[in-house]
Each structure stands twice: as structure tokens, then as C-alpha cells.
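Listed here are the chains, written in short residue letters.
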Amino acid sequence: TEHTQPAMAALRGTLLLLLGAASAPSPADLGTVVVAGGITASCHLGPGNNHSAGNIHGLTTAELYQPGARAWRPSPIGLSICRTLFSAASTGPHAAFTGGESHHSKVLASAELWTLSAGGVVASRPLPPMSRPRMSHASAVLANGQLWAIAGQTEGSVTTATTESLMLFAAE
């Protein structure tokens, strides 16, 4: 059976992240989907009906989707900095956002941690910066609270295969 979900309020973000997911497949048990950061752009038709980018805007805002309610709503907390091409990882009520590119095309080393409850984002705090800026990388949070940033690109789009880790919280 195909289910149609309501659209977000605006075209945005590069991240879909499922937080607090349970093993049951019921929409009410799926947790919260967070869409954060990214860019929006207004486009117009140019000569020959070709699409060209207009104003591009970096975003710090986030929206939350509750599958059980089938509704989007704005998050009360946003990212600390505009970022796109970043990585996000979650475990339990924690979500970590690392690196990416700012709307000024600067590769970022910054990171932040969100804590969510059933009602949405309840806390945000900065994390120590990564040892090197990176974008288009992967990340994972292990059950023991360790965050890993894996590979990606550094300044000048130089590919890196390095990894680094940071302890986010003590295992519960």
C-alpha cells in the first residue's frame, strides 16, 4: 500500500534522519524524522527555458516529522551554523551533526549534539571541533556514545580517508 505524506512547508535541507526508531513497523512507532540545514534556492527560467539558480540561502532551521501524526512542524532549536554537505548520526535520543560546508563555501570542522524527546528537540550543545574540516563525509554514533567521522573532503575538495572519534556521552 502506498502512503502519501504531507509536504514540508518549504523546499529545503539535505538531511533526513530517523531518531528514536523502534523495531515495530507501525508509523506511530517510527520516532521522529528531522530535516535540518541545507540550502534553498529560487530558480527562474533563463534563455531557452533553461533553469538557472537565483538566490541561494543557507539554512540553520530544522523541521520535525511525526509519522504517527502525519505532520511536519518547525523545530524549536536549529543548527548553530548554516551547513550543507554535512553528516548526521543518531543513537537513542541523541543526534550529532558534523562538518559540512557553510553558505560561504567554507568547509567546517564544527560539530553539535542535539537531544530529543517525544515532543522534539530539547537541547543543543556544541561539540569540540574535528581535527580537520570535512564535508561529504560519513558519521556514526555507536551505542557506547562514541561518534566517528569518516573520510570525506577537506578544503579545496581534497579527498581524505582519515577517521576521527569523540566520546559524546557515557553508555546508559
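Residues numbered from 1 in each chain as written. Predicted model: local features only at pLDDT ≥ 70, side-chain atom pairs only at ≥ 80, totals over all residues. Heavy atoms only, no water.

Peer 1: Which parts of the structure should I look at to understand the overall build of the protein?
Peer 2: In terms of regular secondary structure, the protein is built from zero helices and 15 strands. Per-residue burial over the protein gives 37% buried out of 172 residues. The long-range fraction of contacts in the protein, counting pairs at least 24 apart against all pairs at least 6 apart in sequence, stands at 46%. Looking at the protein as shown, the accessible area adds up to about 9,100 Å², and 59% of this sits on carbon and sulfur atoms. (Helix = DSSP H or I, 4+ residues; strand = E, 2+ residues; numbered from the N terminus. Buried < 20%, exposed > 50% of the residue type's maximum accessible area, 1.4 Å probe, protein only. Contact = heavy atoms within 4.5 Å. Areas by Shrake-Rupley, 256 points an atom, 1.4 Å probe, with all protein chains shown as cover.)

Peer 1: Just to check I follow, could you spell out the sheet that holds strand 10 (residues 120-127) for this structure?
Peer 2: Sheet strands line up and pair through hydrogen bonds in the backbone, either parallel or antiparallel. Overall, antiparallel pairing links the four strands, which are arranged 7-8-9-10 in an open sheet. The open sheet has two free edges, formed respectively by strand 7 (87-91) and strand 10, since each of these has just one partner strand. Neighbour-to-neighbour, the strand axes of this sheet turn through a mean angle of 20°, independent of strand direction. (Pairing = 2+ DSSP bridges. Axes fitted to C-alpha atoms, helices over the stretch in contact; angles between N-to-C directions.)

Peer 1: What should I look at first to understand the environment of Ala109 in this one?
Peer 2: Position of Ala109 relative to the elements: it lies in the loop between strand 8 (94-98) and strand 9 (111-117). The buried category is assigned to Ala109, whose relative accessible area is 16%. Residues Ala109 and Ser131 lie 22 residues apart in sequence; the distance between their C-alpha atoms is 7.1 Å. Residues in contact with Ala109, not counting those within four places in the same chain, are Pro129, Met130, Arg132 and Pro133.

Peer 1: Could you clarify how one ought to interpret the packing of aromatic side chains in this entry?
Peer 2: Working definition: an aromatic ring pair is given by the centre-to-centre distance plus the angle between the planes. Inspection of every chain in the model, using the stated rule, returns three aromatic pairs. For the pair Tyr65 and Trp72, a centre-to-centre distance of 5.0 Å together with 40° between the ring planes defines the contact as tilted. The exposure class of Trp72 is partly exposed, given its relative accessible area of 22%. Aromatic rings pair up to connect Phe86, Phe97 and Trp114 into one cluster. (Phe/Tyr/Trp six-rings, centres within 6.5 Å; stacked < 30°, edge-to-face > 60°.)

Peer 1: What is the right way to look at the sheet that holds strand 15 (residues 163-167) in this model?
Peer 2: With antiparallel pairing, three strands are arranged side by side in an open sheet as 11-12-15. Strand pairing shows two members of the sheet lacking a second neighbour, strand 11 (138-141) and strand 15, which therefore form its edges. Sheet twist, expressed as the mean angle between neighbouring strand axes with direction ignored, is 15°.

Peer 1: In this structure, what is going on with the pairing of strand 6 (residues 71-74)? I would like to understand it.
Peer 2: Residues in a regular strand point their side chains to alternate faces of the sheet. Pairing analysis gives four bridges linking strand 5 (residues 62-66) to strand 6, with the strands arranged antiparallel. The partner of Glu63 across the bridge, within strand 6, is Pro74.

Peer 1: Explain the pattern of salt bridges to me, please; I cannot follow it from the model alone.
Peer 2: The tally for this structure, following the rule as stated, stands at two salt bridges. Between Glu112 and Arg83 there is a salt bridge, and its shortest N-O distance comes to 3.2 Å. Here Glu112 is found in strand 9, whereas its partner Arg83 is found in the loop between strand 6 and strand 7, with 29 residues between them in sequence. Classification of Glu112 as buried rests on a relative accessible area of 1%. Taking relative accessible area as the criterion, Arg83 reaches 1% and is therefore assigned buried. Across the pair Arg134 and Glu164 runs a salt bridge whose closest N-O atoms are separated by 3.0 Å. (Salt bridge = Lys/Arg side-chain N within 4 Å of Asp/Glu carboxyl O.)

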